[in-house]
Amino acid sequence: MGFDYYGILGVKRSCSQLEIKKAYRRLALKYNPERYDNDENMRRIFALIGEAYEVLVDHKHRAVYDQYGEEGLKKGVPGPHEYIQPYSYHGEPIRTFEEFFGTTNPYADLLDYYEDPPPMFDSPLGKGYKEKDPTIVRPLALSLEEVYKGGLKKMKIQRLVFTDETCSELKLREKVLSIPIKPGIYPNTEVRFKEEGDQGPTRIPADVIFITEDRPHERFVRSGLSDLLMVRTVTLQEALCGFMIDIRTLDDRILHVKISDVVTPAYEKILEDEGLPVPVCPNKAKGNLIIRFQIVFPDYLSKRTKKAFEEAFRVREEEDEKFAKLKCGTLSTTSFYKL
């Protein structure tokens, strides 16, 4: 039986996003392992709280979990338009904690306020403290080829900037940001540019965050973090008799894959080290390429064809019987070949 994420956070299934965040804040502070000298049990509880929060705060993950449970969430399910990728928790609850609070110490902002007060503004309307604008979040869609190879991604932004030293005039300007893409970069990775938002006399520019996401691909979809998944349609003849697949990889190689097994609806062919690079060591480690098959059955079979199938299956049953006798020792190898 899978985890009950709602039970872990102590919220109802009908709860709002705000209730989920409040529950995580309370439990993350209560069970932070640093309060218990890094007790191993507290570490496990802390990790479960982080995983439950990540699933329920994400609308897509929550919808899949509500319908298919933890098993469907972590194995992946067919969606209305495309295959919904399996979810896998990154296993770093401190990272979840830091992303939520903005620091590993949730009280750091309050301490910083007294030790390093925010800057003030002085205008004809009066004086006051400058407040930082809310963070600007933008999606960064990457093709699987870009994820595979890595490199630099250029993104153009527009923002208001001061045009003179007296900071009295603002104009709209364009700026190109260079975003480093590490080979195999995971979805939902945040790339932050500090204070690249609009400038203004009474405010601190917002941080700009780009969050990576995979673009739909014609051949592959990411499965988990570093595996690739492709679905190949085959005929019934190919499923029973075998066939050859030519696959163009993300780095433009051609793989010639021979399928000699009988392909059933549950059959998978796994090609090791043909997936995406693993970001921590992209030159040495890669995920796998998983090939699944969709079998197309004929709409009609003639009597002659059906008879041929019946004869073929009858011969197969006879062969199965011979192999069973050979295995039990009731039939010699010589007699087997004579039969």
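Along every chain, residues carry numbers that run from 1 in the direction the sequence is written. Only residues with pLDDT of 70 or above have their local features reported here, since the model is predicted, and side-chain atom pairs are shown and tallied only from 80 upward, although totals for entire chains, interfaces and linings are computed over all residues. For the side-chain quantities, the full set of heavy atoms in the structure was used; hydrogens and water were omitted.

Per an unreviewed UniProt entry, the recorded name for the protein chain is J domain-containing protein, and the organism is Pieris macdunnoughi.

(A) Just the sheet that holds strand β13 (residues 227-235), in detail. One open sheet holds the four strands; their spatial order is β12-β13-β17-β16, and the pairing between them is mixed. Strands with a single pairing partner mark the edges of an open sheet, and in this sheet they are β12 (221-223) and β16 (268-271). Here the strands of the sheet are splayed against their neighbours by 35° on average, with no regard to which way each runs. For two strands to be treated as a pair, DSSP must find at least two bridges joining them. The helix and strand labels rest on DSSP assignments: H or I over at least four residues marks a helix, E over at least two residues marks a strand, and numbering proceeds from the N terminus. In this structure, β12 lies alongside β13, joined through three bridges in antiparallel fashion. Within β13, the position partnered with R222 by the bridge is L228. Under this scheme, a helix contributes an axis fitted over its contacting stretch, all axes are lines through C-alpha atoms, and angles between N-to-C directions fall in the 0 to 180 degree range.

(B) Structural view of the pairing of β13. Linking β12 to β13, which pair antiparallel, is a turn of three residues; within it G224 sits at a positive phi near 70°. As paired strands, β13 and strand β17 (residues 289-296) are joined by eight bridges and run parallel to one another. Within the sheet, the bridge partner assigned to M230 lies in β17 and is I291.

(C) Spatial organisation of unusual backbone geometry. Phi at E195 takes a positive value of approximately 50°, unusual for a residue other than glycine. Locating E195 in the fold gives a position in the loop between β9 (190-193) and β10 (203-204). In this model, D252 sits at a positive phi of 65°, which is unusual for a non-glycine residue. Given a relative accessible area of 54%, D252 falls into the exposed group. For every residue, the accessible area obtained with a 1.4 Å probe (protein chains only) is divided by the maximum for its type, and the residue is called buried under 20%, exposed over 50%, and partly exposed between those limits.

(D) Spatial organisation of the confidence of the model for the protein chain. Put simply, the protein chain has an average pLDDT of 84, and 86% of its residues get 70 or more. Ranking the elements of the protein chain by mean pLDDT puts helix α10 (residues 333-338) last, at 48, and helix α7 (residues 144-149) first, at 95. The predictor reports its confidence for every residue as pLDDT, a score running from 0 up to 100. We call two residues contacting when some pair of their heavy atoms lies within 4.5 Å. Across residues 335-339, where pLDDT falls below 50, the model places six contacts with residues more than four positions away in sequence or in other chains.

(E) Examining the side chain of E70 more closely. Within the element layout of this structure, E70 appears in helix α4 (residues 59-75). Since its relative accessible area comes to 16%, E70 is described here as buried. As used in this structure description, the phrase polar contact means that two N or O atoms lie within 3.5 Å; if the pair is within protein, one of them must be able to donate a hydrogen and the other to accept it, and residues adjacent in sequence are counted only when both atoms belong to side chains. A polar side-chain atom of E70 sits 2.7 Å from the main-chain amide nitrogen of F3. When sequence neighbours within four positions are dropped, the list of residues in contact with E70 reads G2, F3, Y5 and Y65.

(F) Focus on the packing of aromatic side chains. For this analysis, a ring pair means two rings from Phe, Tyr or Trp (six-membered ring only for Trp) whose centres lie within 6.5 Å, classed as stacked if their planes differ by under 30 degrees, edge-to-face if by over 60, and tilted for the remaining angles. For the structure shown, the criterion picks out eleven aromatic pairs. Aromatic side chains Y5 and Y65 sit 4.8 Å apart centroid to centroid with 50° between the ring planes, which places their arrangement in the tilted category. Here Y65 lies in helix α4 and Y5 lies in helix α1 (residues 5-9), a separation of 60 residues in the sequence. The class for Y5 is buried, based on a relative accessible area of 0%. You can call Y65 buried: its relative accessible area is 6%. With a centroid separation of 5.9 Å and an interplanar angle of 50°, the aromatic rings of F46 and F97 are classed as tilted. Highlighted residues: F46 in helix α3 (residues 40-57) and F97 in helix α5 (residues 93-101), separated in sequence by 51 residues. You'll find F46 and F97 in the same group, each marked buried. One aromatic cluster in this structure is built from F3, Y5, Y6 and Y65.

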